[in-house]
Amino acid sequence: MAVKRYTADADTTIVNAFQPNLTTRGTGSNMGAADVMEVFSIYGREASGSQELSRALVKFPITTISTDRTNGVIPASGSVSFYLRLFNAVTSKTVPPELTMVVQPVSRSWQEGVGLDLEGYKDLTKGNTGANWMSASNVAAWTLVGGDYLTTAADTYKQTLTTGLEDIEIDITRLVEQWIDGTYSNYGVGVHLTASQEAYYSGSAGADSPGG
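Residues numbered from 1 in each chain as written. Predicted model: local features only at pLDDT ≥ 70, side-chain atom pairs only at ≥ 80, totals over all residues. Heavy atoms only, no water.

### Brief notes about the overall build of the protein chain
Note the threshold: Helix and strand definitions here come from DSSP, where helices need a minimum of 4 consecutive H or I residues and strands a minimum of 2 consecutive E residues; each element is numbered from the N-terminal end. C-alpha atoms define the radius of gyration, and 2.2 Å times the number of residues to the power 0.38 defines the globule rule. Think of it in three bands: residues with accessible area under 20% of the maximum for their type are buried, residues over 50% are exposed, and the middle band is partly exposed, with areas taken using a 1.4 Å probe on protein chains only. Contact criterion: two residues are considered in contact whenever any of their non-hydrogen atoms come within 4.5 Å of each other. To measure how exposed things are, a 1.4 Å probe is used in the Shrake-Rupley method; for residues, cover is taken only from the protein chains shown.
When helices and strands are tallied, the protein chain shows two helices and eight strands. For the protein chain, the C-alpha radius of gyration of 17 Å lies close to 17 Å, the compact-globule estimate for 212 residues. The 212 residues of the protein chain split such that 46% are buried. Pairs at least 24 apart in sequence give 72% of the contacts found in the protein chain among residues at least 6 apart. Accessible surface, the protein chain as shown: approximately 10700 Å² in total, 51% of it carbon and sulfur.

Take a look at the structure:
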(Lines give C-alpha, C1' and ligand atoms only; values in the text may rest on other atoms or scores of the structure.)
Protein backbone atom coordinates (compact mmCIF):
# COMPACT_ATOMS: atom_id res chain seq x y z
CA MET A 1 0.00 0.00 0.00
CA ALA A 2 1.44 3.33 -1.07
CA VAL A 3 1.43 6.22 1.42
CA LYS A 4 1.93 9.88 0.58
CA ARG A 5 2.32 12.45 3.34
CA TYR A 6 1.17 16.06 3.18
CA THR A 7 2.45 18.41 5.87
CA ALA A 8 0.25 21.16 7.30
CA ASP A 9 0.97 24.59 5.87
CA ALA A 10 -0.48 26.51 8.84
CA ASP A 11 -1.18 25.72 12.48
CA THR A 12 -1.66 27.55 15.75
CA THR A 13 -3.03 27.24 19.28
CA ILE A 14 -5.74 29.52 20.64
CA VAL A 15 -6.58 29.77 24.33
CA ASN A 16 -8.74 31.48 26.92
CA ALA A 17 -6.38 30.24 29.65
CA PHE A 18 -5.06 32.52 32.37
CA GLN A 19 -1.65 34.12 32.17
CA PRO A 20 0.66 33.31 35.13
CA ASN A 21 -0.84 36.17 37.16
CA LEU A 22 -4.11 34.16 37.24
CA THR A 23 -5.96 37.41 36.59
CA THR A 24 -5.63 38.12 32.88
CA ARG A 25 -6.76 35.61 30.27
CA GLY A 26 -4.58 35.06 27.22
CA THR A 27 -7.48 35.39 24.78
CA GLY A 28 -5.50 37.82 22.61
CA SER A 29 -2.40 35.63 22.36
CA ASN A 30 -1.12 33.83 19.29
CA MET A 31 1.11 30.73 19.09
CA GLY A 32 1.42 30.30 15.33
CA ALA A 33 5.21 29.90 15.35
CA ALA A 34 5.40 27.52 18.33
CA ASP A 35 6.90 24.10 17.65
CA VAL A 36 3.92 22.26 19.18
CA MET A 37 0.17 22.77 19.55
CA GLU A 38 -1.78 22.28 22.75
CA VAL A 39 -5.29 21.04 23.50
CA PHE A 40 -6.37 21.09 27.12
CA SER A 41 -9.06 21.82 29.67
CA ILE A 42 -8.11 23.12 33.13
CA TYR A 43 -10.62 23.36 35.95
CA GLY A 44 -10.23 25.20 39.25
CA ARG A 45 -6.71 26.59 38.78
CA GLU A 46 -7.58 30.24 39.38
CA ALA A 47 -10.50 29.74 41.74
CA SER A 48 -13.17 27.18 42.52
CA GLY A 49 -15.10 26.71 39.30
CA SER A 50 -12.63 28.54 37.04
CA GLN A 51 -12.22 26.92 33.64
CA GLU A 52 -9.61 27.32 30.90
CA LEU A 53 -9.45 25.94 27.36
CA SER A 54 -6.92 25.46 24.60
CA ARG A 55 -7.70 24.46 21.01
CA ALA A 56 -5.57 23.79 17.92
CA LEU A 57 -6.13 24.95 14.35
CA VAL A 58 -4.48 23.09 11.44
CA LYS A 59 -4.66 23.76 7.70
CA PHE A 60 -3.43 21.57 4.83
CA PRO A 61 -2.32 22.35 1.21
CA ILE A 62 -5.42 21.25 -0.67
CA THR A 63 -4.28 22.99 -3.87
CA THR A 64 -1.19 20.74 -3.89
CA ILE A 65 -3.32 17.67 -3.23
CA SER A 66 -5.67 18.61 -6.09
CA THR A 67 -2.73 19.13 -8.45
CA ASP A 68 -1.30 15.76 -7.47
CA ARG A 69 -4.61 14.12 -8.31
CA THR A 70 -4.76 15.85 -11.69
CA ASN A 71 -1.23 14.66 -12.42
CA GLY A 72 -2.01 11.09 -11.35
CA VAL A 73 0.19 11.19 -8.25
CA ILE A 74 -2.75 10.14 -6.05
CA PRO A 75 -5.79 8.05 -7.09
CA ALA A 76 -9.23 9.32 -7.99
CA SER A 77 -11.94 9.88 -5.43
CA GLY A 78 -13.19 6.59 -4.04
CA SER A 79 -9.83 4.91 -4.49
CA VAL A 80 -7.85 6.74 -1.81
CA SER A 81 -8.23 7.54 1.90
CA PHE A 82 -7.00 10.62 3.73
CA TYR A 83 -5.99 10.48 7.39
CA LEU A 84 -5.36 13.33 9.79
CA ARG A 85 -2.26 12.45 11.84
CA LEU A 86 -1.15 14.52 14.82
CA PHE A 87 1.66 13.25 17.04
CA ASN A 88 1.76 13.31 20.81
CA ALA A 89 4.49 15.49 22.34
CA VAL A 90 5.88 14.45 25.71
CA THR A 91 4.77 16.79 28.49
CA SER A 92 5.23 17.08 32.24
CA LYS A 93 1.57 18.04 32.61
CA THR A 94 -1.09 15.59 33.75
CA VAL A 95 -2.70 13.73 30.85
CA PRO A 96 -6.19 12.34 31.44
CA PRO A 97 -7.13 8.86 30.20
CA GLU A 98 -10.19 8.13 28.09
CA LEU A 99 -10.30 11.57 26.53
CA THR A 100 -12.09 12.19 23.24
CA MET A 101 -10.59 14.53 20.67
CA VAL A 102 -12.98 16.27 18.28
CA VAL A 103 -11.98 17.41 14.79
CA GLN A 104 -14.28 19.81 12.93
CA PRO A 105 -13.79 21.88 9.75
CA VAL A 106 -13.08 25.55 10.42
CA SER A 107 -15.71 27.63 8.62
CA ARG A 108 -13.78 30.84 7.98
CA SER A 109 -10.32 32.03 7.01
CA TRP A 110 -7.75 32.48 9.80
CA GLN A 111 -4.14 33.55 10.11
CA GLU A 112 -1.31 31.41 11.50
CA GLY A 113 0.62 34.27 13.13
CA VAL A 114 4.12 34.36 14.60
CA GLY A 115 3.57 34.01 18.38
CA LEU A 116 5.68 31.53 20.35
CA ASP A 117 4.68 31.75 24.01
CA LEU A 118 2.72 28.67 25.13
CA GLU A 119 3.32 29.31 28.81
CA GLY A 120 2.67 32.96 29.64
CA TYR A 121 0.53 33.81 26.59
CA LYS A 122 2.39 37.10 26.19
CA ASP A 123 2.57 37.18 22.38
CA LEU A 124 -0.55 39.28 21.92
CA THR A 125 -1.65 40.10 18.40
CA LYS A 126 -2.93 43.61 19.24
CA GLY A 127 -4.03 44.11 15.65
CA ASN A 128 -1.07 42.25 14.15
CA THR A 129 -1.29 39.12 12.01
CA GLY A 130 -2.47 35.97 13.75
CA ALA A 131 -5.52 34.15 15.06
CA ASN A 132 -6.37 34.08 18.76
CA TRP A 133 -9.33 33.04 20.93
CA MET A 134 -11.25 36.18 19.99
CA SER A 135 -10.25 36.80 16.38
CA ALA A 136 -9.63 34.73 13.27
CA SER A 137 -7.26 37.38 11.90
CA ASN A 138 -6.13 40.96 12.35
CA VAL A 139 -9.15 42.09 10.34
CA ALA A 140 -11.96 39.76 11.44
CA ALA A 141 -13.28 38.43 14.75
CA TRP A 142 -14.67 34.92 15.14
CA THR A 143 -18.46 34.78 15.10
CA LEU A 144 -18.19 32.55 18.19
CA VAL A 145 -15.13 33.10 20.35
CA GLY A 146 -12.91 30.03 20.35
CA GLY A 147 -13.35 29.56 16.61
CA ASP A 148 -16.04 29.01 13.99
CA TYR A 149 -16.59 25.39 12.99
CA LEU A 150 -18.95 23.22 10.96
CA THR A 151 -20.61 21.25 13.75
CA THR A 152 -23.09 18.85 12.14
CA ALA A 153 -22.67 15.18 12.96
CA ALA A 154 -21.49 14.50 9.40
CA ASP A 155 -18.77 17.13 9.75
CA THR A 156 -17.55 15.96 13.15
CA TYR A 157 -14.73 13.43 13.51
CA LYS A 158 -13.70 11.92 16.85
CA GLN A 159 -11.06 9.69 18.39
CA THR A 160 -10.90 8.44 21.96
CA LEU A 161 -7.40 8.25 23.45
CA THR A 162 -7.34 5.44 26.01
CA THR A 163 -4.20 6.54 27.84
CA GLY A 164 -4.16 10.15 26.63
CA LEU A 165 -0.72 9.60 25.12
CA GLU A 166 -1.71 8.16 21.74
CA ASP A 167 -1.18 9.92 18.44
CA ILE A 168 -4.29 11.12 16.64
CA GLU A 169 -5.11 9.24 13.44
CA ILE A 170 -8.57 9.92 12.02
CA ASP A 171 -9.99 9.10 8.60
CA ILE A 172 -11.14 12.47 7.18
CA THR A 173 -11.49 11.30 3.57
CA ARG A 174 -14.99 12.76 3.19
CA LEU A 175 -13.83 16.19 4.31
CA VAL A 176 -10.73 16.27 2.12
CA GLU A 177 -12.79 15.28 -0.92
CA GLN A 178 -15.21 18.12 -0.09
CA TRP A 179 -12.28 20.53 -0.02
CA ILE A 180 -11.00 19.19 -3.32
CA ASP A 181 -14.35 19.38 -5.14
CA GLY A 182 -15.17 22.80 -3.69
CA THR A 183 -18.12 21.75 -1.54
CA TYR A 184 -16.31 23.40 1.37
CA SER A 185 -13.65 26.08 1.33
CA ASN A 186 -10.41 24.83 2.82
CA TYR A 187 -9.94 26.60 6.14
CA GLY A 188 -8.49 23.54 7.83
CA VAL A 189 -9.75 21.91 11.01
CA GLY A 190 -10.07 22.74 14.66
CA VAL A 191 -9.06 20.17 17.26
CA HIS A 192 -10.47 20.25 20.79
CA LEU A 193 -11.89 18.05 23.53
CA THR A 194 -15.44 16.81 23.25
CA ALA A 195 -18.14 18.97 24.87
CA SER A 196 -18.58 16.65 27.84
CA GLN A 197 -14.87 16.94 28.67
CA GLU A 198 -14.11 20.50 27.60
CA ALA A 199 -14.52 23.07 30.36
CA TYR A 200 -17.16 25.65 29.56
CA TYR A 201 -16.55 29.13 30.88
CA SER A 202 -19.36 31.69 30.76
CA GLY A 203 -18.54 34.02 33.64
CA SER A 204 -17.08 36.83 31.51
CA ALA A 205 -17.99 38.25 28.11
CA GLY A 206 -16.14 36.72 25.21
CA ALA A 207 -14.75 33.70 27.05
CA ASP A 208 -17.43 31.12 26.39
CA SER A 209 -18.08 28.91 23.38
CA PRO A 210 -19.52 25.46 22.72
CA GLY A 211 -17.45 22.35 22.28
CA GLY A 212 -18.18 19.56 19.84
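### Quick look at helix α2 (residues 173–181)
Note on helix geometry: an α-helix contains 3.6 residues per turn, so any two residues three or four positions apart are oriented the same way. Every buried residue of α2 is accounted for by Thr173, Leu175, Val176, Glu177, Gln178 and Trp179. In this structure, the buried side of α2 is in contact with α1 (62–70), β5 (99–105), β6 (157–161), β7 (168–171) and β8 (189–193). Phi for Gly182, located one or two positions after α2, is positive at around 90°.

### So, the pairing of strand β3 (residues 51–59)
To keep it simple, the criterion reads: Strands are labelled as partners when DSSP assigns at least two bridges between them.
A large share of β3 lies buried, amounting to eight of its nine residues. Of the pairings in the sheet, the one linking strand β1 (residues 10–15) to β3 comprises six bridges and is antiparallel in character. Counterpart to Ile14 in the pairing with β3 is Arg55. Strand direction decides the pairing type here: strand β2 (residues 40–43) and β3, joined by four bridges, are antiparallel. The partner of Tyr43 across the bridge, within β3, is Gln51. Direction of pairing for β3 relative to β8: antiparallel, over a ladder of three bridges. Looking at the pairing, Ala56 lines up with Val191 of β8.

### Structural notes on unusual backbone geometry
In this structure, Glu98 takes a positive phi of about 55° despite not being glycine. With respect to the helices and strands, the residue Glu98 is situated in the loop between β4 (83–86) and β5. Positive phi is not limited to glycine here, since Tyr121 has a value of about 55°. Here Tyr121 lies in the loop between β5 and β6. Take Tyr121: its relative accessible area is 5%, and that puts it in the buried class.

### Side note on the environment of Arg69
Summarising the element assignment, Arg69 is placed in helix α1. Classification of Arg69 by relative accessible area gives buried; the value is 17%. Considering only alpha carbons, one finds Arg69 and Ile180, 111 residues apart in sequence, at a separation of 9.6 Å. Leaving out residues up to four positions away in the same chain, Arg69 has contacts with Ile74, Pro75, Ala76, Ser77, Val80, Phe82, Glu177 and Ile180.

### Describing the packing of α1 against α2
How we decide: Only C-alpha atoms enter the line fits that serve as axes; for helices the fit covers just the stretch in contact. Angles between N-to-C directions range over 0 to 180 degrees. Each angle gets one of four labels, with under 35 degrees taken as roughly parallel, over 145 as roughly antiparallel, 65 to 115 as roughly perpendicular, and the rest as oblique. Side-chain classes are defined by residue name, with Ala, Val, Leu, Ile, Met, Phe, Trp, Tyr, Cys and Pro counting as nonpolar, Asp, Glu, Lys and Arg as charged, and the others, Gly among them, as polar.
Where α1 contacts α2, the axes come no closer than 10 Å and their chain directions differ by 85°. Compared by their axis directions, α1 and α2 come out roughly perpendicular. Touching Ile62, Ile65, Ser66 and Arg69 of α1 are Val176, Glu177, Trp179 and Ile180, all from α2. Residue composition of the contact of α1 with α2, grouped by class: five nonpolar, one polar and two charged.

Just distances and angles here, no functional claims.
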